[in-house]
Amino acid sequence: MYGKGGKKNMSVQITPENLEAETNNLITVIDFWAPWCGPCKILDPILADLEKTYGDRIKFAKMNVDGHQEIAEKYHVLSVPSLVVFKNGKAAEKVTGVYPKEKLAAYFDKKIAEVQAI
């Protein structure tokens, strides 16, 4: 993943092996999704667009729940799409469902303000 400067942002694919290393940031957002999930396909371009704006302040990652149910269960992901927000490597919040870009942007702004206030 790259920040500004015209380089490509790209969500990291989360696996059991890289989960801890990839969430060791001020803020990481993991998109729990599945290939058969219609709402996930709606959320994907919204998150890709938001990553262009927030990629220098929030690490974006994705996890396909198919084959990784134990990790989804660990973070209480009962339906997809779900976004799990990690702060300093610890799961802090979960948002389930599809939201408009503007609503998610406001939510991300709030999360950034929270970690900057610490």
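Residues numbered from 1 in each chain as written. Predicted model: local features only at pLDDT ≥ 70, side-chain atom pairs only at ≥ 80, totals over all residues. Heavy atoms only, no water.

Chemist: Is there a simple way to explain the overall build of the protein in this structure?
Modeler: In terms of helices and strands, the protein carries four helices and five strands. Ordering the α and β elements of the protein from the N terminus gives β-α-β-α-β-α-β-β-α. For 118 residues, the compact-globule estimate of 2.2 N^0.38 gives 13 Å, and the protein sits close to it at 13 Å. Its C-alpha atoms give the protein principal-axis dimensions of about 35 × 25 × 25 Å. Sorting the 118 residues of the protein into buried and exposed places 43% on the buried side. Of the contacts formed within the protein by residues at least 6 apart in sequence, a portion of 70% connects residues at least 24 apart. For the protein, the accessible surface area stands at approximately 6600 Å², while carbon and sulfur atoms represent 56% of it. Computed over 16 positive and 15 negative side-chain charges, the inter-centroid distance for the protein is 5 Å. (Helix = DSSP H or I, 4+ residues; strand = E, 2+ residues; numbered from the N terminus. Rg over C-alpha atoms; globule rule 2.2 N^0.38 Å. Buried < 20%, exposed > 50% of the residue type's maximum accessible area, 1.4 Å probe, protein only. Contact = heavy atoms within 4.5 Å. Areas by Shrake-Rupley, 256 points an atom, 1.4 Å probe, with all protein chains shown as cover. Lys, Arg positive; Asp, Glu negative; His and termini not counted. Charge placed at Lys NZ, Arg CZ, Asp CG, Glu CD.)

Chemist: Is there a simple way to explain the pairing of strand 3 (residues 59-64) in this structure?
Modeler: Along any regular strand the residues' side chains alternate between the sheet's two faces. Of all six residues making up strand 3, five are buried, and the element is well covered by its neighbours. Strand direction decides the pairing type here: strand 1 (residues 12-13) and strand 3, joined by two bridges, are parallel. Bridge pairing in strand 3 places Q13 opposite K62. As defined by bridge partners, strand 2 (residues 27-33) adjoins strand 3 across six bridges and the pair is classed as parallel. Opposite F32, over in strand 3, you have M63 as the bridge partner. For the crossover that starts at strand 2, traverses helix 2 (residues 38-54) and ends in the parallel strand 3, the hand is right-handed. (Pairing = 2+ DSSP bridges. Right-handed = clockwise from strand over helix to strand, strands pointing away.)

Chemist: Can you walk me through the confidence of the model for the protein in this structure?
Modeler: Segments scoring low in pLDDT should not have their predicted coordinates read at a detailed level. Averaged over the protein, the pLDDT score is 90; the fraction of residues at 70 or greater is 92%. Every residue in residues 1-8 scores below 50 in pLDDT, and together they form 14 contacts with partners more than four places removed in sequence or on other chains. (pLDDT = per-residue confidence, 0-100.)

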